[in-house]
Amino acid sequence: MLSKSILQNFRFKTYRIIFCVSEVFKHKKWAVKSIFIFLFLLGAPFIGYNSPFIWGFWAHQRINRLAVFSLPPEMQVFFKKHLNYLTENAVNPDKRRYAVVGEAPRHYIDAEAYGDSALYKLPLYWNEAVKKYGEDTLALNGTVPWAIQQYKSQLTEAFRQRNPQRILRVAADLGHYIADANVPLHTTRNYNGQLTGQEGIHAFWETRLPELYAEEYDMFLGSAEYEKKTALRAWQAVRQANAALDSVLQFEKNASLQMKPELKYALEDRNGVVIKTYSREFAKKYHQMLDRQVERQMRASVKMVSDFWFTCWVDAGQPDLGPLASFEWDKAEKEQEEKEKQNWFQRLFKVRSENEN
Ligand SMILES: [Zn+2]
């Protein structure tokens, strides 16, 4: 009873604040800033849950975080110290998608754009792919397996230079692209079920299911291992993810056939905002049909992230990271990051309001 009244009070306050801020928004420029700070404090998880076409923010952050614990002690001395940075910034590439030209293609590959068995026939390496298809075609159809290789080289170089900022930035980004490569719906044009009448399936698979079932996932993984063939491993990840695509789509169809349409969706409260989402009953049915598929892909992501971070460090000659552990971001860098975060919320806000109008 008490918790209900607290919730109602909270919801009322939230609506009131949103209303007041939006009123001020019409007239005052400074209010823009307040809105984004407010949304950030209150609604970051809500925004994440409703952002389509990305591993949920939670999953990306979890993957980078868990990968740190598979690293050898010589790396953990530095990586654990910056655990929060690697966690929080696991979602940077998704934030950049709206702002940085050339960012969007790094998150996916549309396998069917290149015909049958494309993921087994496409050139392993970027330069060969450019010669064969040209950069424009590649950018149009997504570049995630090549992006992983590019970021692998950059991280190795950052370790060679013993540059702590660069190591952290590139490691966080590399973790993101690896996680994306392991999502089946990141390997197809039908990325949100829009070609098969299954709109919304993307966030359902990668956000709603982890939200409901992540506590049951077994995320215990062994030590990171050296990967000799990183290019091939990047391709294997997208091949494996793509092989799971049929089940992702078919099981959702089967589950829909077994349930009355009105029971498929439900309204749920998210931080005082009521949203339409897949019902718990429907999610349970789909989860059971998938037989731990989301968990398997998440485990594969964590394993691959730790293996790649470790491999970069070994390839750089196993530099002593001990002296880098005391590194702190300076004030200007922190401020810059905060500014970027606010810009992102600003863009997100614009995108959302346009969609709703
Ligand atoms: Zn992404």
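Check the entry above for the structure.
Residues numbered from 1 in each chain as written. Predicted model: local features only at pLDDT ≥ 70, side-chain atom pairs only at ≥ 80, totals over all residues.

Visitor: Help me out: how do you make sense of the overall build of the chain in this one?
Guide: Looking only at helices and strands, one finds 18 helices and two strands in the chain. Each of the 357 residues in the chain was classed as buried or not, and the buried ones make up 34%. (Helix = DSSP H or I, 4+ residues; strand = E, 2+ residues; numbered from the N terminus. Buried ≥ 20, exposed ≤ 12 C-beta atoms within 10 Å, placed from the backbone.)

Visitor: Help me understand the pairing of strand E1 (residues 265–270), please; the structure alone is not making it clear to me.
Guide: One face of the sheet, then the other: side chains in a regular strand alternate in exactly this way. Note: E1 against strand E2 (residues 273–278), six bridges, orientation antiparallel. Looking at E2, one finds that arginine 270 is bridged to valine 273. Where E1 folds back on E2, the antiparallel hairpin that results is connected by two residues, among which asparagine 271 adopts a positive phi of roughly 50 degrees. (Pairing = 2+ DSSP bridges.)

Visitor: So what exactly am I meant to see when it comes to helix H16 (residues 280–290) here?
Guide: Since there are 3.6 residues in each turn of an α-helix, residues three or four apart along the chain are aligned in direction. Of the residues making up H16, those classed as buried are Phe282, Ala283, Lys285, Tyr286, His287 and Leu290. In this fold, the buried residues of H16 make contact with helix H12 (201–213), helix H14 (245–257), helix H15 (261–264), E2 and helix H17 (293–315). Directly beyond the C-terminal end of H16, a positive phi value near 50 degrees is found at aspartate 291. (Contact = placed C-beta atoms within 7 Å.)

Visitor: Help me understand the packing of helix H10 (residues 144–160) against H17 in this model?
Guide: Helix-helix packing: each pair is described by the crossing angle between the helix axes and the interaxial distance. Interhelical geometry of H10 versus H17 gives an angle of 50 degrees and a closest axis separation of 8 Å. As far as their axial angle goes, H17 and H10 are oblique. Seen from above, H10 lies across H17 with right-handed handedness. Together, Lys152, Leu155, Thr156 and Phe159 of H10 and Phe308, Cys312, Trp313 and Asp315 of H17 make up the contact between the two elements. Looking at the contact of H10 with H17 residue by residue, the classes come out as five nonpolar, one polar and two charged. (Axes fitted to C-alpha atoms, helices over the stretch in contact; angles between N-to-C directions. Parallel < 35°, antiparallel > 145°, perpendicular 65-115°, else oblique. Left-handed = near helix turned anticlockwise from the far one by under 90°. Nonpolar A, V, L, I, M, F, W, Y, C, P; charged D, E, K, R; others polar.)

Visitor: Got a minute to help me understand the environment of arginine 162 in this structure?
Guide: Looking at the element boundaries, arginine 162 is found in the loop between H10 and helix H11 (164–181). Residue classification places arginine 162 among the partly exposed positions, given that 14 C-beta atoms sit within 10 Å. Separated by 158 residues in the primary sequence, arginine 162 and aspartate 320 place their C-alpha atoms 8.5 Å from one another. In this structure, arginine 162 is in contact with Pro319 and Leu324, ignoring residues within four places of it in sequence.

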